[in-house]
Amino acid sequence: MNGTHITSLDVRRLDLNSEYLGVSTLQLMENAGRAVAAEVALRFQPGSKVLVLAGVGRNGGDGMVAARHLASMGYKVDLCLVGSESSIQDSIVLLNWQILKEMTSSIGIQVLSDSSSLKPFTADVLVDSLLGVGFRGKLRQPILEAVKALNHSDGFVLAVDVPTGVDADTGEIQEEAVRARLTVTFHAPKKGFDKAKEYLGEVKVASIGIPPEAEHYAGPGDVDIIIRDRPPESKKGDFGRVLVIGGSETFSGAPALVALAALRSGTDLAYVAAPEKTAEAISSMSPNLITIKLSGSHFNTANLGQLKALLERANAVVVGPGMGLHKESFDAVGVLLEKLGELKKPTLIDADALKALGTLKRRLAFPAVLTPHAGEFEAVAGRKVPPGLGERSRDVEKLAKEVDAAVLLKGRVDVISDGQRTRLNWTGNPGMTVGGTGDVLSGIVASLMAQGCEPFDAAVAGAFINGAAGDFVYKENGFHLLPTDLIEQIPRVMTDPMSHRYVKFLER
């Protein structure tokens with residue numbers, strides 16, 4: 001991602017994915033602080049006076065590390081903690097604060113915990129590490145008073161990652177923001193920088209050791225950023241309705257697994273629309289599912305009238321699991337896709353509906369995820385999946401562009417692309433060759449879309465969750481797993497996605 005503009009969510013995702021790969025947040029903070037100190041050293045001689053204004057969060061931690069390095073390089077360093085010491089909640093920031101408190105002969109420390117009026121600061125270099133990329137809205141005291149004093153000071157102002165008061169995502173400033181001469185930002189410029197140029201000064205992008213794999217591989221960060229808070233006043237339907245259209249006289253389990261996985265992933269309501277006898281069988285499987293009994297022995301165009309109201313109410317639709325290969329069903333899928341295009345309804349297309357899509361050869365006019373295995377990929381794309389991972393990634397990206405949708409190619413390593421971005425997912429194990437695990441994946445991804453996730457983000461997170469759930473089952477049962485076992489592990493992964501680092505199945 002280096003060289004492109006990133007958001008605050010990207011930063012959070014990359015931090016967690018780096019930790020998952022073994023690069024700790026402590027290491028990243030150390031590298032960030034060292035990078036800031038190096039930029040100071042390029043411009044000012046040892047012996048120069050440096051004042052670091054540090055907040056109580058991780059941006060403040062970066063400043064604390066910079067203060068330590070500058071002191072070791074011969075600079076006269078003072079650090080002002082803006083906020084009470086008891087407000088430092090992050091263990092890594094607290095560790096760096098405690099180190100500075102031991103450096104009594106090389107760093108002068110003061111604490112500003114109230115909003116008393118401040119005079120301009122006196123120093124050759126003034127380092128702003130008050131607030132980072134997570135800042136939104138208006139500045140509060142005592143940060144606001146420190147920013148005002150900083151802007152009236154004569155020294156060289158260096159902002160750490162983003163000037164305090166600038167929204168890193170939008171570039172908006174409410175009331176006041178630090179006017180920096182230099183902004184040392186980490187890994188990549190932030191999305192809001194283009195609209196806040198007058199506050200940034202010169203911008204230097206510093207590498208802090210984030211592995212490229214943290215960007216290219218699905219990880220806990222991809223899950224963390226899509227989890228929605230549930231306010232106490234939440235009501236039924238706020239977290240989405242998923243409609244599953246599928247099932248046939250032969251396959252009743254597939255749509256049921258999709259719907260159950262969607263519920264376990266946080267969706268409020270899951271409907272299964274299936275031929276009458278199949279719907280009755282599904283009703284007997286679980287009282288959690290709402291079934292819609294469609295006329296006929298398989299999905300057909302006459303069913304579309306029955307589904308009109310549900311299609312309009314649903315927040316996401318899944319088409320295809322267990323549907324069968326009847327020509328009437330293929331024709332009905334074509335008409336359904338047109339309707340979904342009119343509604344702009346987020347949709348996951350899987351299984352037999354993928355084969356129908358392959359016969360139609362059309363671009364999709366709605367937000368969509370396709371979840372083919374190798375054989376289904378060939379049916380849609382008209383070409384076999386290449387053996388090499390690099391070639392496979394490029395081919396998935398090509399198909400995503402052709403159909404204008406996110407494509408999740410299932411395999412030993414899942415490949416996910418929206419035609420612009422491509423990710424690899426390494427979770428999962430050979431026990432997941434059992435039938436039904438792909439249906440669980442569909443339910444997870446559809447649930448995330450129903451809760452407001454963009455198709456690509458839902459597909460990346462869903463692939464990680466599904467594979468990690470399978471790995472937890474493997475740890476307990478070996479290869480003797482069932483798709484329903486995966487469903488029970490979904491909450492575990494979504495609650496603590498980082499826990500999977502202890503059960504990684506195969507070495508790469």
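The preceding data block contains the structure.
What you see as residue numbers is a count from 1 along each chain, following the sequence as written. Reporting of local features is limited, given that this is a predicted model, to residues whose pLDDT is at least 70; pairs of side-chain atoms are given and counted only at 80 or more, and all residues count toward the totals for whole chains, interfaces and linings. Calculated side-chain values reflect all of the structure's heavy atoms, with hydrogen atoms and water omitted.

Draft legend 1. Region of interest: the overall build of the protein. Under the DSSP-based scheme used, a helix requires at least four consecutive residues in state H or I and a strand at least two consecutive residues in state E, with every element numbered from the N terminus. Of the regular secondary structure elements, the protein holds 18 helices and 16 strands. Structurally, the protein occupies a C-alpha span of about 85 × 45 × 40 Å along its principal axes. For each residue, the accessible area found with a 1.4 Å probe, counting protein chains only, is set against the maximum for its type, and the residue is called buried under 20%, exposed over 50%, and partly exposed in between. The proportion of buried residues among the 508 residues of the protein is 57%. Contacts are assigned to residue pairs that have any heavy atoms within 4.5 Å of one another. If you take every contact in the protein between residues at least 6 apart in sequence, the share linking residues at least 24 apart comes to 70%. Reported accessibility uses the Shrake-Rupley method at a 1.4 Å probe radius. Residues are deemed covered only where the shown protein chains occlude them. Only carbon and sulfur atoms are counted for the fraction: they give 50% of the accessible area of the protein, which is about 20900 Å². Of the side chains in the protein, 54 bear a positive and 60 a negative charge, and the two mean positions are spaced by 2 Å. We score Asp and Glu as negative and Lys and Arg as positive, and we do not count His or the chain ends. The atoms used to mark charge sites are NZ of Lys, CZ of Arg, CG of Asp and CD of Glu.

Draft legend 2. Region of the structure containing a nonpolar patch on the surface. Nonpolar side chains (Val, Leu, Ile, Met, Phe, Trp, Tyr) are joined into patches within 5 Å and like charges within 9 Å, using only residues with over 30% relative accessible area and no salt bridge. Here, a salt bridge means any side-chain nitrogen of Lys or Arg that lies within 4 Å of a carboxyl oxygen of Asp or Glu. On the surface, Leu 26, Leu 95 and Ile 99 cluster together into a nonpolar patch covering about 210 Å² of accessible area. Topologically, Leu 26 is positioned in helix H2 (residues 25–43).

Draft legend 3. Up close: the packing of helix H11 (residues 303–313) against helix H12 (residues 327–343). Helix axes are fitted only over the stretch in contact, all axes being lines through C-alpha atoms; the angle between N-to-C directions runs from 0 to 180 degrees. Interaxial distance between H11 and H12 falls to 12 Å at its minimum, and their mutual angle equals 30°. When the axis of H11 is compared with that of H12, the two are roughly parallel. Here H11 and H12 pass one another in a crossing that is right-handed. Residue-level contacts link Leu 304, Leu 311 and Glu 312 of H11 to Ala 332, Val 335, Leu 336, Lys 339, Leu 340 and Leu 343 of H12. Roughly parallel refers to an angle under 35 degrees, roughly antiparallel to one over 145, roughly perpendicular to one between 65 and 115, and oblique to any angle outside these ranges. For a crossing to be left-handed, the near helix must be turned anticlockwise from the far one by less than a right angle; the clockwise case is right-handed.

Draft legend 4. Spotlight on the sheet that holds strand E16 (residues 422–425). A pair of strands is labelled paired if DSSP reports no fewer than 2 bridges between them. Pairing is mixed across the open sheet formed by nine strands, whose spatial order is E10-E9-E8-E11-E12-E13-E14-E15-E16. Across the chains shown, the open sheet's two edge strands, defined by having one partner strand only, are strand E10 (290–294) and E16. Taking each pair of neighbouring strands and ignoring which way they run, the sheet shows an average axis angle of 15°. Across three bridges, the pairing between strand E14 (residues 406–409) and strand E15 (residues 414–417) is antiparallel. Paired with Leu 409 across the strands is Val 415, a residue of E15. Its contacts with the sheet put helix H13 (residues 351–360) on strand E11 (316–319), strand E12 (347–349) and strand E13 (368–370), and the angle it makes with E12 is roughly 85°.

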